[in-house]
Amino acid sequence: MQAGEDGRGRDNSHGRRLCLPPNRHNTVCRMPRTVRARTASMPQSVQPKARTTIMTHACTTPSAHLADVRYEIRGTLARRARELEAAGHPVLHLNIGNPGRFGFRAPDHLVQAVDAHLPQSEAYCQEQGIEEARAAIAAQQAARGVALADIDRVFIGNGVSELIDIALRALLDPGDEVLLPSPDYPLWSAATILNSGRPRYYRCLAENGHLPDVEEMEALIGPRTRAIVLINPNNPTGAVYPRALLEQVVALAARHGLMLLCDEIYDQITYDQARFQPLAPLAGEVPTLSFSGLSKVHRACGYRVGWMSLSGPQRDIAAYRDALQLLAALRLCANVTAQWAIKPALEGPDTIGALVAPGGRLYEARRAVVDGVAGAQTLSLVSPSGALYAFPQVRDELFPDFDDSAFALRLLEEAGILLVPGSSFNVEHSRHLRLTLLPEPAVLGGVVAKMDAVLMRMIERVPPQSAALA
Ligand SMILES: Cc1ncc(COP(=O)(O)O)c(C=O)c1O
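Heads up: these notes are all about the structure in this document.

Scoring rules and cut-offs
- Starting afresh in each chain, residues are numbered from 1 along the sequence in its written order.
- For this predicted model, a pLDDT threshold of at least 70 governs which residues receive local features, and a threshold of 80 or more governs which side-chain atom pairs are given and counted, while totals over whole chains, interfaces and linings are taken from all residues.
- Each helix is a run of DSSP H or I of at least 4 residues and each strand a run of E of at least 2, with the numbering of both proceeding from the N terminus.
- We call two residues in contact if the C-beta atoms placed from their backbones are at most 7 Å apart.
- By definition, a residue lies near a molecule or strand when the C-beta atom built from its backbone is within 6 Å of it.
- Under the convention adopted here, Pro, Cys and the residues Ala, Val, Leu, Ile, Met, Phe, Trp and Tyr are nonpolar, Asp, Glu, Lys and Arg are charged, and Gly plus all remaining residues are polar.
- Where helices are involved, their axes are fitted lines through C-alpha atoms of the stretch in contact, as for all axes, and angles between N-to-C directions lie from 0 to 180°.
- Oblique is the label for every angle not falling under 35 degrees (roughly parallel), over 145 degrees (roughly antiparallel), or within 65 to 115 degrees (roughly perpendicular).
- Here a crossing is taken to be left-handed if its near helix is turned anticlockwise relative to the far helix by less than a right angle, and right-handed if that turn runs clockwise.
- Counts of 20 or more other C-beta atoms within 10 Å of a residue's own C-beta define buried residues, counts of 12 or fewer define exposed ones, and intermediate counts define partly exposed ones; C-beta atoms are placed from the backbone.
- Should DSSP find at least two bridges between two strands, the strands are regarded as paired.
- For this entry, the nonpolar core is defined as buried Ala, Val, Leu, Ile, Met, Phe, Trp, Tyr and Cys residues connected by C-beta atoms within 7 Å.
- Domain limits in this description derive from either an automatic procedure or a database domain assignment.

### Some remarks on the overall build of the chain
Part 1: Across its full length, the chain carries 15 helices and 19 strands.
Part 2: In the chain, the share of contacts with a sequence separation of at least 24, taken over all contacts with a separation of at least 6, comes to 71%.

The structure is reproduced here in structure tokens:
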């Protein structure tokens, strides 16, 4: 169907005029619509790259809300990778932290718990989640030293992803601001924007070990600021925040009356001397939402199970808790079947410790990347202290005008390796690429060597070679 001159739909096959109402923006959409990329508050470097052209017709015009939303981890480069594969060129997908794709299995005791409870999974459950799972989460919070931990303050969702959206939807009014890390896990930016909020980015620079500067955070706080988001251990940088830093952030939130939202989905994935410190036990009177789930530590991301627990004085959190409950009820409940894995995951044997200890698969994968970068001529890296990623950067002096997206495309075309450019994580002038640590260590060593080789060819001005053309 095409829109006619007057904006009404015309069905070409019958030459009939259909009486469609004008679209909600009152425009005729015969021409491609160029969608504005980011708000003024987004880093400059990502603005031009995010411009999207959508061919659309009146009744299917996407919401204007989406104009500023993107998720490049599964974006343009991933689509190009699929094209290459369809044309017979193998691609190594290092763009997603999906343990099941790299031979990791969910622990047996989780699989058995789900299997055994299948007959009890057919009905909707209480909107916040099944009671035995919420009790296990509340018990974990209490054991960590969180005051007033209780099943009424726990919400189970279809992954942390769903809960991030619910948490921000319950909090934000149009124009409210949220302090987000740059780089961030981009769902946090997307969910802020989709819920009419404005991201304000505090930088986590490589020069500072990818840790935030609390003074810089404070300078971003204004009358519309509602919350500070922390991702610890961090995706994409691998930073693990020391206790003293977390205490400063709590003090900042207390001074300015802000809520804390802490994404702790990688909470038990730390390396060497790094120790994970949960935020909630330090937060005391500051209302805090802590997020975690089964996707990473328990390698069960396909189960789509995450949870968030609310802490803080009852008088301060009661209305927000009720708002969360309302939103949880509107989507009825999370997938019940997989919730049976939560209690065994939290109370059963530790299955991640051996993987992140010396000799373990993740530890050695990280070591392969760290050693590979140490031997590379073009790259540097802040060694990841936690999570499932490395975030190397190209050397300033060798690439003054580096374009991370162009390089990622070239690496894909020439070497069949799919990484995520740093600008996808809302970083200004990114010189970084993110790769997941999930493949076998030897594979990762080879990846870093190929990155270095392609970068060297760029220095030598060898023109790009496309696998698709080879
Ligand atoms: C920091 C962070 N938060 C949330 C998520 C989403 O997790 P889930 O699978 O529970 O939706 C991810 C996934 O990679 C993540 O890295």
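### With respect to the site of the ligand
Part 1: Not every one of the 13 residues close to the ligand is listed here, only the nearest: G159, V160, S161, N235 and S295.
Part 2: Classifying every residue of the shell around the ligand gives five nonpolar, seven polar and one charged.

### Some remarks on the packing of helix α14 (residues 404-415) against helix α15 (residues 441-459)
Part 1: Packing of α14 against α15 brings their axes to within 10 Å, and their N-to-C directions diverge by 110°. With respect to α15, the element α14 is oriented roughly perpendicular. Of the residues in α15, those touching α14 at R410, L411, E414 and A415 are K450, M451 and V454.
Part 2: When its residues are assigned to classes, the contact of α14 with α15 shows four nonpolar, no polar and three charged.

### Re the packing of helix α4 (residues 159-171) against helix α5 (residues 187-194)
Part 1: Interaxial distance between α4 and α5 falls to 9 Å at its minimum, and their mutual angle equals 35°. In this structure, α4 crosses over α5, and the sense of that crossing is right-handed. For the pair formed by α4 and α5, the contact residues are S161, I164, D165 and L168 on the first element and L187, W188, A191 and T192 on the second.
Part 2: The residue makeup of the contact of α4 with α5, split by class, is five nonpolar, two polar and one charged.

### With respect to the pairing of strand β12 (residues 288-293)
Side chains on a regular strand alternate between the two faces of the sheet.
Part 1: In terms of burial, β12 is a largely internal element, six of the six residues being buried.
Part 2: Side chains of β12 alternate between two faces, with T288, S290 and S292 and L289, F291 and G293 buried alike.
Part 3: Where strand β11 (residues 259-263) lies against β12, four bridges are found, and the strand directions are parallel. When the sheet's bridge partners are listed, L261 is paired in β12 with L289.

### What about the environment of Q112?
Part 1: Inspection of the secondary structure assignment puts Q112 in helix α2 (residues 108-116).
Part 2: The spacing of Q112 and A341 is 229 residues in sequence and 8.4 Å in space, taken between C-alpha atoms.

### Digging into the sheet that holds strand β7 (residues 154-157)
Part 1: Strand order across the open sheet formed by seven strands is β7-β13-β12-β11-β10-β8-β9, with mixed pairing between neighbours. Single-partner strands in this sheet number two, and they are β7 and β9 (198-203). The sheet shows a mean angle of 20° between the axes of neighbouring strands, taken without regard to direction.
Part 2: Where β7 lies against strand β13 (residues 306-311), four bridges are found, and the strand directions are antiparallel. Opposite F155, over in β13, you have M308 as the bridge partner.
Part 3: Helix α3 (residues 131-143) rests against β7 and β13 of the sheet, and its axis sits at about 125° to β7.

### Here we look at the sheet that holds strand β18 (residues 420-421)
Part 1: What the three strands build is an open sheet, ordered β15-β19-β18; its pairing is antiparallel. Looking at strand neighbours, the two that pair on one side only are β15 (389-390) and β18, the edges of this open sheet.
Part 2: Sheet analysis places β18 next to strand β19 (residues 433-436), joined by two bridges and oriented antiparallel. Residue P421 lies in a different strand from β19, and its bridge partner there is L433.

### Some words on unusual backbone geometry
Part 1: The omega torsion of the bond from S182 to P183 falls at 5°, within 30 degrees of zero and hence cis.
Part 2: The omega torsion of the bond from N235 to P236 falls at 15°, within 30 degrees of zero and hence cis.
Part 3: For P236, the location among the structural elements is in the loop between β10 (225-231) and α7 (243-256).
Part 4: Even without a glycine there, the phi angle at D272 is positive, about 50°.
Part 5: Judged by C-beta crowding, with 15 C-beta atoms within 10 Å, D272 ranks as partly exposed.

### Quick word on the nonpolar core
Part 1: Counting 112 residues, the largest nonpolar core has I228, V229, L260 and A341 as the members making the most contacts within it.
Part 2: Examining the composition of this core, we find that seven residues originate from one element, α4, more than from any other.
Part 3: Residue assignment places this core across two domains, with domain 2 (73-103 + 354-459) and domain 3 (108-347) each supplying three or more.
Part 4: Excluding residues that lie within four positions of it along the chain, I228 makes contacts with L179, M217, V249, A253, L258 and L260.

Read these as layout, nothing more, since geometry by itself doesn't imply function.
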